[in-house]
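Coordinate analysis (summary)
Residues per chain, in single letters:
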Amino acid sequence: MILRRRLRWLLAVVVLVGACRNKKSGKPSTSTSTSTSTSTSTLPEILPTAAGIPDLVGAAACAECHQAEYEVWSKSPHGRAMAPASGATVLGDFTAAGLDGVQPGRDGDAFTMAVAGQRRPVDLVLASGRQHQVYVTRTVDGVYTPLPLIWSTWTKEWLPTSLYQQGDVDMTQGCFSCHLSQAHRKTGAAPATAWVDLAINCESCHGPGRAHVQARRAGARDVYRDLHALSKVEESRVCGQCHGFQLKPYVFARPVNALPEIFVTSLINQSLRPDGTQSGTSYQYPGHVLSECFQQGTLTCNSCHQPHSLRARNFAGVSAEGAATNLQCTICHTTRATPAGLTQHSHHAATITCVNCHMALSWIGDDDKRKQRTSDHSISIPRPQESLTLGTPNACTTCHQDEGAAWALAALQKWGATRALGVRRWVETIALARKRAPDATPRLLELVAADKTPRYLLLSALDLLVIQPPDARVPPALEALTRHGAPELRAAALRALATHDPPGRQRWLEAGLADAHPFVRMEAFSQIKDPAALAPAAFERQLDDVLAHQNPPVQGLQHLITLRHKRGELGEALVLIDLLGRIAVPHERQQLHLDDVRARLVQGLGKP
């Protein structure tokens, strides 16, 4: 994703240089205006403005009244998600030998790694250490990036960070949005990334708490969101903010006591398998909302996870840790509650647990070298035929590693487990669509037309239609979805229509640009390739949306500048370059060659 963004920016620079050269050679551009909009002249101190940072108080303020919950939370994986490096937080053995020429070192509470002859400090510790710990350093220009080695707390060894991420990565662009609380970009003389708390704090789930804290300190009552009263759909959105693999770094304002709007990536993403299970880490939302326990039952995340400690429990709040793990399931599936009932159901000894077969562990990235596993939150039954057909893992061979999927299929046939023998049609449809198979489009349209298609699966079908060849059957099937109440579905439908209705592409994009929700408008604007027909008002509204809702708004500004280039509006492009310069941190300025691009713009405009 980062590489594609840089390539798009480099293309924009090439277009800009060509435009400037044309200007210098006497070829006219359509505009040399340098007027500024209201948005550019009133750049806020904090971006995006909808982040609500002034309305946040941090976890310490909550502890004033909720000390017991705070103590439990502070020891939880959320409470230890990110922390300053210290003897208390670092779990890795920095006295042990390193790997690949990288040598960890320790001097009291100071931890370092020697990389290419340079000793780099460990500034932050990422992850609570249930399986791994990642060590983060801050470079001289303010970039937070992971160091080359991570520590496996499971196997007690150093592993190369490259198993997860190749090369240095700016963690402020993506990682920080979930691995700490309320990351945001500050503007001004020295733009920088800031946050409210390093841990995943109370307000990440409960919402901005300043008004609540002020009311309680004054002895007054107030209305604050009660998470116990959420429906299963509402609660899934709270957890899905991070566990859903957010599609883009958007932040939207929410009224007091309202729930966050989330826009998660769909099954088009290769970090998710076609059956909704995750091969990437911590993306349990898709499997959860597609599971039968969620779709046909009342299962919520809090049904199984105590919300502050995250410890295992059942629907009634009874601990379900260790040997009691089956209590999470048998509170509903009562016929499996006894050893005899479990043995009859599982065809295994009573020592087998429900999660062994229905929430089997699989390797992150399907690669055992990473020494990290994740559990199947789709709570599925083993389906070895899907393993044979689609290459997805199944619980039988995850445990019986010396056997194959054909062996597991034969065993299930012998037991008469008919539901486990085939391939689910929707899973096969997703797999075909990801491969752009010839019959994928009609199969996707089946999902779109079905009354009971879950919203997440519907979104996935719409996203996957975008990458199929144009088909005249698509526009009439999707037109009604452009008026759907969910903005993510409207945006996906408009993207698909722009693909499958080439003559009407401009009409569909204009409908997106006029939508009431900024997500739909920004998604439509990102599809614009030929800006000739755009009215100036469309540029101004997009700029307002980008500054208010992208965190940080660098990518949106890049696209705006590219389109101004294509229109030959070098003066307007210069204004946006200067705005981007006030937002970008030092390494972004270098990556984007802002100073060079600005100099060429000035030269192209014939300015001194």
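It should be noted that the structure appears before, not after, this text.
An account of the accompanying structure is given in this report. Being a predicted model, the structure only gives us computed values, none of them experimental.

Before going further, it helps to spend a moment on the overall build of the protein. On a plain count of helices and strands, the protein comes out with 29 helices and 13 strands. For 608 residues, the compact-globule formula gives about 25 Å, and the C-alpha radius of gyration of the protein, at 26 Å, lands near that figure. Summarising its shape, the C-alpha atoms of the protein cover approximately 85 × 65 × 60 Å along the three principal directions. Going through the 608 residues of the protein one by one, you find that 49% of them count as buried. Relative to all contacts within the protein whose residues are 6 or more apart in sequence, the contacts with residues 24 or more apart total 58%. When the accessible surface of the protein is totalled, it reaches about 28,700 Å², and 55% of it is carbon and sulfur.

Take unusual backbone geometry next. Following L47, the chain continues into P48 via a peptide bond in cis, with omega recorded as -10°. The topology assignment puts P48 in the loop between β1 (46-47) and α3 (59-62). The backbone of A127 sits at a positive phi, close to 95°, despite the residue not being glycine. Structurally, A127 can be placed in the loop between β6 (124-126) and β7 (132-138). On the basis of relative accessibility, which here comes to 22%, the residue A127 falls in the partly exposed class. Positive phi values are uncommon outside glycine, yet Q182 reaches one of about 55°. Within the secondary structure, Q182 sits in the loop between α5 (176-179) and β10 (184-186).

Right, let's talk about the nonpolar core for a bit. Ranked by internal contacts, the top residues of the largest apolar core, which has 44 residues, are L267, W426, V448, Y456, L462, L465 and L478. Elements with a contribution of two residues or more to this core: α9 (285-290), α18 (425-434), α19 (440-449), α20 (455-466), α21 (474-478), α22 (487-500) and α24 (518-526). Residue contributions to this core peak at 8 residues, all from α20. In contact with W426, other than residues within four places in its own chain, are L267, P274, D275, G276, L290, L447 and L457.

With that out of the way, let us pick up the sheet that holds strand β8 (residues 144-152). With antiparallel pairing, the 5 strands of this open sheet are ordered in space as β2-β6-β7-β8-β9. Two strands close off the open sheet at either side, each with one partner strand: β2 (82-84) and β9 (157-160). Within this sheet the neighbouring strands show an average axis-to-axis angle of 30°, counted without direction. Where β2 and β6 come together, 3 bridges link them in antiparallel fashion. From the neighbouring strand, A83 faces β6, where its bridge partner is V125.

On to the packing of helix α26 (residues 554-566) against helix α27 (residues 570-583), then. One can describe the packing of α26 onto α27 by two numbers: an axis separation of 9 Å at closest approach and a directional angle of 165°. Judged by the inter-axis angle, α26 sits roughly antiparallel to α27. At the point where α26 passes α27, the crossing takes the left-handed sense. Contact residues: α26 offers V554, L557, L560, I561, R564 and H565, while α27 offers E572, A573, L576, I577, L579, L580 and I583. Along the lines of polarity and charge, the residues of the contact of α26 with α27 split into 10 nonpolar, 1 polar and 2 charged.

So, about helix α7 (residues 210-217). The complete set of buried residues in α7 reads H212, V213 and A215. The buried residues of α7 occupy one face: seen down the axis, they fall within an arc of 165°. In α7, the exposed residues that point more than 90 degrees away from the buried face are A211 and R217. Phi turns positive one or two residues past the end of α7, at G219, with a value near 80°.

What follows deals with the state of the cysteines. Per the counting criterion, the structure on display carries 0 disulfides. Note on C175: no disulfide assigned, nearest cysteine sulfur contributed by C178 at a separation of 9.5 Å. Judged by its relative accessible area of 21%, C178 falls in the partly exposed class.

Okay, the environment of H500 next. Inspection of the secondary structure puts H500 in helix α22. Classification of H500 as buried rests on a relative accessible area of 4%. Residue contacts for H500: discarding those within four places in its chain leaves L465, Q468, P469, P470, D471, V474 and P475. Here P469 takes part through its backbone oxygen, which lies 3.4 Å from a polar atom of the side chain of H500.

Turning our eyes to something else, we now look at the environment of A573. Within the secondary structure, A573 is located in helix α27. On the basis of relative accessible area, A573 is assigned to the buried category, the value being 0%. When the C-alpha positions of A573 and H212 are compared, they lie 44 Å apart, and in sequence the two are 361 residues distant. Setting aside its immediate chain neighbours within four residues, A573 contacts I561, R564, H565 and L601.

On to the sheet that holds strand β4 (residues 110-115), then. Strands pair in a sheet through their backbones, by hydrogen bonds, and they do so in one of two ways: parallel or antiparallel. Reading across from one edge, β3-β4-β5 is the order of the 3 strands in this open sheet, with antiparallel pairing throughout. At either end of the open sheet lies a strand with only one pairing partner, and these are β3 (103-107) and β5 (118-121). Within the sheet, the average angular offset between the axes of one strand and its neighbour, ignoring direction, is 30°. For β4 and β5, the ladder comprises 4 bridges, and the chain directions are antiparallel.

Criteria and thresholds
Residues numbered from 1 in each chain as written. Predicted model: local features only at pLDDT ≥ 70, side-chain atom pairs only at ≥ 80, totals over all residues. Heavy atoms only, no water. Helix = DSSP H or I, 4+ residues; strand = E, 2+ residues; numbered from the N terminus. Rg over C-alpha atoms; globule rule 2.2 N^0.38 Å. Buried < 20%, exposed > 50% of the residue type's maximum accessible area, 1.4 Å probe, protein only. Contact = heavy atoms within 4.5 Å. Areas by Shrake-Rupley, 256 points an atom, 1.4 Å probe, with all protein chains shown as cover. Core = buried A, V, L, I, M, F, W, Y, C linked by side-chain atoms within 4.5 Å. Pairing = 2+ DSSP bridges. Axes fitted to C-alpha atoms, helices over the stretch in contact; angles between N-to-C directions. Parallel < 35°, antiparallel > 145°, perpendicular 65-115°, else oblique. Left-handed = near helix turned anticlockwise from the far one by under 90°. Nonpolar A, V, L, I, M, F, W, Y, C, P; charged D, E, K, R; others polar. Arc of directions from axis to C-beta. Disulfide = S-S within 2.5 Å. Polar contact = N/O pair within 3.5 Å; in protein donor to acceptor, adjacent residues only side chain to side chain.

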